[in-house]
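Analysis of the macromolecular model
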Amino acid sequence: MENPNTNCLEGMQCPNCESFGPFNIAAEVMCVVHDDGSETFGDHCWTSESYCQCPQCGYEATVAKFSGETAALSSEKKMRRFVESIAALSLWDWDDDQGQPKNECEEPDDGYLDSHQALMNYVEAARLLLKEIDNV
Ligand SMILES: [Zn+2]
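Throughout this description, residue numbers start from 1 for each chain and increase along the sequence as written. In keeping with the predicted nature of the model, local features appear solely for residues at pLDDT of at least 70, side-chain atom pairs appear and are counted solely at 80 or more, and the whole-chain, interface and lining totals rest on all residues.

1. Details of the overall build of the protein chain
Our working definition: Here a helix means four or more residues in a row that DSSP labels H or I, a strand means two or more in a row labelled E, and each is numbered from the N terminus. Radius of gyration means the value over C-alpha atoms here, while the globule rule gives 2.2 Å times the residue count to the 0.38 power. Exposed residues have 12 or fewer other C-beta atoms within 10 Å of their own C-beta, buried residues have 20 or more, and partly exposed residues fall in between, where C-beta atoms are placed from the backbone. Two residues qualify as being in contact provided that their C-beta atoms, derived from the backbone, are within 7 Å of each other.
A count of helical and extended segments in the protein chain gives 3 helices and 7 strands. In the protein chain, the succession of helices and strands from N to C terminus is β-β-β-β-β-α-α-β-β-α. Its C-alpha atoms give the protein chain a radius of gyration of 25 Å, more than 25% over the compact-globule value 14 Å for 136 residues. The C-alpha extent of the protein chain, read off along each of the three principal axes, is 85 × 30 × 20 Å. Across the 136 residues of the protein chain, 6% fall into the buried class. Considering only intrachain contacts with a sequence separation of at least 6, the fraction spanning at least 24 residues in the protein chain is 42%.

As structure tokens, this is what we get:
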């Protein structure tokens, strides 16, 4: 999913639960401090090194971790999902290392042609995934 944050949270996402916010960020603020108390005034700001917490899952890190490492993590997740989608396919007309038949489904209607079709789709999907990851 494309990151919808374009303003105060530009590009930010929780690296733990993938939430797009809101986040709790420790900001710096100016205060007028009297002997008997203080009052904030003016603007507040934070940096990439400021503390940031995700209220959804409680994950804590710097603002930088919520911004920068998200891309790398989602590439990893994309690759994992791709591998999982291949691993989830059923074996048919196949033997394990001991020569025991492994047939997790019936032979598809178009037999080996279906398998070839699936393999070509996966080759294309893998190339697309590599392009996506390289462009991050
Ligand atoms: Zn989170």
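2. Describing the sheet that holds strand 1 (residues 24–25)
What counts here: Any two strands between which DSSP finds at least two bridges are classified as paired.
Pairing within the open sheet is antiparallel, and its 3 strands lie in the order 1-4-5. The open sheet has two edge strands with one neighbour each: strand 1 and strand 5 (60–62). Pairing geometry for strand 4 (residues 51–53) and strand 5, over 3 bridges, is antiparallel. When the sheet's bridge partners are listed, glutamine 53 is paired in strand 5 with glutamate 60.

3. Here's the deal with the environment of glycine 99
On the secondary structure map, glycine 99 appears in the loop between strand 6 (94–95) and strand 7 (101–102). Owing to 6 C-beta atoms within 10 Å, glycine 99 belongs among the exposed residues under this scheme. A sequence separation of 71 residues divides glycine 99 from glutamate 28, and the C-alpha atoms of the two residues are 67 Å apart.

4. Examining the domain arrangement of the protein chain
The following threshold applies: All the domain ranges listed were derived from an automatic or database domain assignment.
As far as domains go, the protein chain holds domain 1 (1–67) and domain 2 (70–136). Between the C-alpha centres of domain 1 and domain 2 the distance comes to 40 Å.

5. Regarding unusual backbone geometry
Look at the link from glycine 21 to proline 22: it is a cis peptide, with omega at 5°. Within the secondary structure layout, proline 22 lies in the segment before strand 1. In this structure, glutamate 18 is a non-glycine residue whose phi angle is positive, near 70°. Checked against the element boundaries, glutamate 18 lands in the segment before strand 1. Looking at glutamate 18, the number of C-beta atoms within 10 Å reads 16, which means it is partly exposed.

6. Brief notes about the pairing of strand 2 (residues 28–34)
In terms of burial, strand 2 is largely open, as just 0 of its 7 residues are buried. The loop that links strand 2 with its antiparallel partner strand 3 (residues 37–45) comprises 2 residues.

7. Here we look at the pairing of strand 3
Within strand 3, only 0 of the 9 residues are buried, leaving the element largely exposed. Of the pairings in the sheet, the one linking strand 2 to strand 3 comprises 7 bridges and is antiparallel in character. Residue pairing in the sheet places glutamate 28 in a bridge with cysteine 45 of strand 3.

8. Details of the environment of serine 19
Its location among the elements puts serine 19 in the segment before strand 1. Classification of serine 19 by C-beta neighbours within 10 Å gives partly exposed; the count is 17. Between the C-alpha atoms of serine 19 and histidine 44, which are 25 residues apart in sequence, the distance is 24 Å. Not counting residues up to four positions away in its chain, the partners in contact with serine 19 are Cys14, Cys54, Gln56 and Cys57.

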